[in-house]
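Architecture and fold: a report
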Amino acid sequence: MATTVQRHRAPDRVVDRGLPARQPVDCFYVYPTVSEEPTLSASLEITPHVRAIAEHQAARFSQVCDVYAPVYRQRTLTALLNPGGYTPEQLREASRIAYGDVVRAWHEYLTQAEPGRGVVLVGHSQGTGMLRQLIRNEIDPKPEARARLVSALLLGGNVLVRKGSDRGGDFAGVPLCRSERQTGCAVGFATFNATPPADSAFGRSPSVPDPTGGPWGPDYEAACTNPASLKHNHARTARTLVRTDPVPGLLGQALRVMYNGAPPSADTPWVVPADRHTVQCVRAGGAHVLMATPTPGSSALTPSPSPAWGLHLADVNLALGDLVNLIRIQSRAYVHSHQTGR
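Residues numbered from 1 in each chain as written. Predicted model: local features only at pLDDT ≥ 70, side-chain atom pairs only at ≥ 80, totals over all residues. Heavy atoms only, no water.

1. Description of the overall build of the chain
For the chain, the helix and strand inventory stands at seven helices and 15 strands. Over its C-alpha trace the chain gives a radius of gyration of 19 Å, about what one expects of a compact globule, namely 20 Å for 342 residues. The C-alpha extent of the chain, read off along each of the three principal axes, is 55 × 55 × 40 Å. Contacts in the chain between residues at least 24 apart in sequence constitute 77% of all its contacts with a sequence separation of at least 6. Summed over all atoms, the accessible surface of the chain reaches about 15,000 Å², with 53% contributed by carbon and sulfur. Averaged over its 34 positive side-chain charges, the chain has a centre that lies 7 Å from the centre of its 28 negative ones. (Helix = DSSP H or I, 4+ residues; strand = E, 2+ residues; numbered from the N terminus. Rg over C-alpha atoms; globule rule 2.2 N^0.38 Å. Contact = heavy atoms within 4.5 Å. Areas by Shrake-Rupley, 256 points an atom, 1.4 Å probe, with all protein chains shown as cover. Lys, Arg positive; Asp, Glu negative; His and termini not counted. Charge placed at Lys NZ, Arg CZ, Asp CG, Glu CD.)

2. Describing the sheet that holds strand β1 (residues 2-7)
Pairing between sheet strands relies on hydrogen bonds along the backbone, with the strands arranged either parallel or antiparallel. Here we have four strands laid out as an open sheet, ordered β2-β1-β13-β12, and mixed in their pairing. Only two strands of the sheet have a single neighbouring strand rather than two, namely β2 (10-16) and β12 (242-243). (Pairing = 2+ DSSP bridges.)

3. Structural notes on the pattern of salt bridges
Counted under the stated rule, the structure contains 17 salt bridges. R283 serves as the salt-bridge partner of E221, at 2.8 Å between the closest nitrogen and oxygen. In this pair, E221 is assigned in strand β10 (residues 220-222) and R283 in strand β14 (residues 277-284), connecting sequence segments 62 residues apart. Of the residues examined, E221 reaches a relative accessible area of 15% and is grouped as buried. We classify R283 as exposed; its relative accessible area is 58%. Of the charged contacts, one joins R243 and D245 as a salt bridge, the two residues approaching to 3.1 Å between their closest N and O atoms. A single network of salt bridges, built from pairs that share partners, joins R22, D26, D66, E114 and R117. (Salt bridge = Lys/Arg side-chain N within 4 Å of Asp/Glu carboxyl O. Buried < 20%, exposed > 50% of the residue type's maximum accessible area, 1.4 Å probe, protein only.)

4. Digging into the sheet that holds β14
The strand order across the open sheet formed by four strands is β9-β15-β14-β11, and the pairing between neighbours is mixed. The open sheet has two edge strands with one neighbour each: β9 (191-192) and β11 (236-237). Bridge count between β11 and β14: two bridges; the pairing is antiparallel. In the strand pairing of β14, T237 is matched with T278.

5. Description of the pairing of β2
Relative to β2, β1 is paired through five bridges, and the arrangement is antiparallel. Directly across from T3, in β2, lies its bridge partner V15. Hairpin connection of β1 to β2: two residues between the antiparallel strands, including R9 at a positive phi of 60 degrees.

6. What to know about the environment of T33
As for its placement among the helices and strands, T33 is situated in the loop between β3 (26-30) and α1 (48-57). Sequence separation of T33 and T278 is 245 residues, and the distance between their C-alpha atoms is 27 Å. Engagement of the side chain of T33 in a polar contact is seen with the side chain of Q126, the distance being 2.7 Å. (Polar contact = N/O pair within 3.5 Å; in protein donor to acceptor, adjacent residues only side chain to side chain.)

7. A word on the state of the cysteines
Applying the stated criterion across every chain, the model contains three disulfides. The partner cysteine of C27 in its disulfide is C65, sulfur to sulfur 2.1 Å. Disulfide C27-C65: torsion about the S-S bond near -100 degrees, hence left-handed. Within this pair, whereas C27 is found in strand β3, its partner C65 is found in the loop between α1 and β4 (66-68), the two being separated by 38 residues in sequence. Both residues of the pair, C27 and C65, count as buried. (Disulfide = S-S within 2.5 Å.)

8. Some thoughts on the environment of A21
Along the chain, A21 falls in the loop between β2 and β3. Residues A21 and D66 lie 45 residues apart in sequence; the distance between their C-alpha atoms is 9.7 Å.

9. Observations regarding α1
Of all ten residues that make up α1, seven are buried, and the element is covered over most of its length. Among the residues of α1, those classed as buried are H49, V50, A52, I53, A54, H56 and Q57.

10. Observations regarding a nonpolar patch on the surface
On the surface, a nonpolar cluster with roughly 280 Å² of combined accessible area is contributed by L80, L81 and L250. With respect to the helices and strands, the residue L81 is situated in helix α2 (residues 77-81). For L81, a relative accessible area of 61% gives the class exposed. (Patch = residues over 30% accessible without salt bridge, like charges linked within 9 Å, V, L, I, M, F, W, Y side chains within 5 Å.)

11. As for helix α4 (residues 126-139)
Relative to the 20 Å expected for 14 residues at 1.5 Å per residue, α4 spans 19 Å between its end C-alpha atoms, a close match to the ideal helical length. Of all 14 residues making up α4, twelve are buried, and the element is well covered by its neighbours. For α4, the set of buried residues is Q126, G127, T128, M130, L131, R132, Q133, L134, I135, R136, E138 and I139. Buried residues belonging to α4 abut β3, α3 (88-112), β5 (119-124), α5 (143-147), β6 (149-155) and β7 (160-162). (Expected span 1.5 Å × (residues − 1).)

And the structure:
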């Protein structure tokens, strides 16, 4: 994948690494809210918006896994921007439709996948919500399914754990990842570059019951695992990777707000921007989030579409290089443990 590496006051350089014919594990990716169809539930059409977000978020993982990216009838941006236009029951039914599609895709994947082959779950935003339910219902309570889980990257959503614990919230048997070689675990965070405002739902346990049956209330907190420093949560410079193809529609407009203009660009499909950020999990404003701080000489990003969302649009790409490297190491550990029986 050809990638331009940019640095301040230094020439650009291009790196290009080929892909092996087959990767050692699979990735099952569920994309965030991108559909601009004028209905509550999206169709199963592969729209330009769906294709673009998969390329921006999931395509890079093909360096370390074979990517499966099913289309599902998600709740649309239309519904997100106009929640008062629908009854609570209509919204719940739309969520049930979306989750039903994801479960069917998961079962279809299992019938096609090589028996015992490891799988990484990758989700963002609404996709993370779908995968939280999927793990709770289809993986966590089933030892055979749990044994196939290399890890779960559950980004831009509130993965809940018991306060003071790495599990006991969303999942009983799937803990948070605390080292790069740990498998069968979950990574979760929501990205901000300032203290989350009181009206932000990210990084917090909800105060009202979860309609999907998940945990809620003051006994839980949102997980934050630092993708650049899983074990020690040191402030480390994230390995940012950005796709250079334009993103259509409202998401593209929101990205221009976040980047204070055009997103990073290059003549290659991928770019490592010159602007870098250190990342570290912090507790601030009653929330538990991944705080991103520009390195000296780098420009700050602007929360988009509002301060309550923080850097939600950058949850995947800000540390995408770290996440890809994590899956590379975890997949090797997974394959080794299954080959040796340890």
